[in-house]
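Structural characterization, general
Listed below are the residues making up each chain.
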Amino acid sequence: MKISIIVPVLNERVFIEGTLTHLQKTLSILKGNAIGNWEVVVSDAGSTDGTLEAINKFIERNDSWIAITDPILKPSVGKTVRRGILKATGEVLLILPADTQLGSDGLKELWHVLQTGVECGGFLKQYSPSNSILRLYQSAQNLVRLKCFKHLVWTNGIFFKKALIESLDFPTIGFLEDVILSDFLRKVPTWRVLSTSITVSSRRYYPNRILKRILINLFIMFCYRTGIASPEQLKAIYS
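Residues numbered from 1 in each chain as written. Predicted model: local features only at pLDDT ≥ 70, side-chain atom pairs only at ≥ 80, totals over all residues. Heavy atoms only, no water.

Take the overall build of the chain next. The helix and strand tally for the chain stands at eight helices and eight strands. Here the C-alpha atoms of the chain give a radius of gyration of 17 Å, agreeing with the 18 Å that 2.2 N^0.38 yields for 239 residues. Considered along the principal axes of its C-alpha atoms, the chain spans approximately 45 × 40 × 40 Å. Relative to its 239 residues, the chain shows a buried fraction of 50%. (Helix = DSSP H or I, 4+ residues; strand = E, 2+ residues; numbered from the N terminus. Rg over C-alpha atoms; globule rule 2.2 N^0.38 Å. Buried < 20%, exposed > 50% of the residue type's maximum accessible area, 1.4 Å probe, protein only.)

What follows is the structure in structure tokens.
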């Protein structure tokens, strides 16, 4: 069973080198221990800030890494992910955003649970850097949103068998695409939250806007779930 790690990117020069370096080291550890069969697909939507140069350095060093770098018209994470999926050759897909890091324990756990019949799910989340408010927020997300309601977002490291989405018109509407995908996947009986945490950059919460961003996130989900506003309207609020 091959696992394709899809990294959607757009103007992530600040993060992409650290993310790919961490991923390279992690996969080297797993390869040295003969754990898993891994492929990396970096899907760039048209970066113009130097991100592509950083990506190309890693592609040159790794035979099992693939880069897609053609610009996307009106890019979104969903469109960027879908293009990566079309290029991926693995039976299982793991979405790893450019501002997240997942260590060898996380990928090792993913590999082992897939052998038990698990078909989709995600990881617990932890923010870095963090403080007491963010730790409380992440705990609420992990316990209530994730474990109780099976609600995943991109930064949970969503994974799924490719065969599951063959009947899905993969969401590319520009916003809340991860929520739409999550709503589809949580109907799968073998859905699972893994015990390992994925580390997520807290850049959207700093500096001095932690409570504001948390309230905006909650407001957006309330409006979406109640049908008060469309994803297109909510995107303007989130930006």
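With 20 residues, helix H1 (residues 13-32) extends 29 Å from end C-alpha to end C-alpha; this agrees with the ideal 28 Å at 1.5 Å per step. If you check which residues of H1 are buried, you get Ile16, Thr19, Leu20, Leu23, Thr26, Leu27 and Leu30. One side of H1 holds all its buried residues, which, seen down the axis, span an arc of 130°. Counted as exposed and oriented over 90 degrees from the buried face of H1: Val14, Lys25 and Gly32. Ala34 lies just past H1 and shows a positive phi near 55°. (Expected span 1.5 Å × (residues − 1). Arc of directions from axis to C-beta.)

Within the open sheet, the eight strands sit side by side as E3-E2-E1-E4-E7-E6-E8-E5. Their pairing is mixed. The two strands at the open ends of the sheet, each matched to only one other strand, are strand E3 (65-68) and strand E5 (100-101). In the sheet, strand E6 (residues 120-128) pairs with strand E7 (residues 159-161) via two bridges, with the strands oriented antiparallel. Looking at the pairing, Cys120 lines up with Phe160 of E7. Across the face of the sheet, helix H2 (residues 51-61) comes into contact with strand E1 (2-9), strand E2 (37-44) and E3 while running at roughly 155° to E3. (Pairing = 2+ DSSP bridges. Contact = heavy atoms within 4.5 Å. Axes fitted to C-alpha atoms, helices over the stretch in contact; angles between N-to-C directions.)

Quick look at the packing of helix H5 (residues 132-148) against helix H7 (residues 210-226) now. Remark: H5 packs on H7, axes separated minimally by 10 Å, with the N-to-C direction vectors making an angle of 20°. With respect to their mutual orientation, H5 and H7 come out roughly parallel. Remark: the crossing between H5 and H7 carries left-handed chirality. Where H5 approaches H7, its residues Ile133, Leu134 and Tyr137 are matched on the opposing element by Ile210, Leu211, Ile214 and Asn217. Of the residues belonging to the contact of H5 with H7, the class tally is six nonpolar, one polar and no charged. (Parallel < 35°, antiparallel > 145°, perpendicular 65-115°, else oblique. Left-handed = near helix turned anticlockwise from the far one by under 90°. Nonpolar A, V, L, I, M, F, W, Y, C, P; charged D, E, K, R; others polar.)

Along the chain, the position of Asp44 falls in strand E2. No salt bridge is formed by the buried Asp44. Its closest oppositely charged neighbour is Arg83, at 5.8 Å. Setting aside its immediate chain neighbours within four residues, Asp44 contacts Val9, Leu10, Thr51, Leu52, Ile55, Ile68, Thr69, Asp70, Thr80 and Arg83. (Lys, Arg positive; Asp, Glu negative; His and termini not counted. Salt bridge = Lys/Arg side-chain N within 4 Å of Asp/Glu carboxyl O.)

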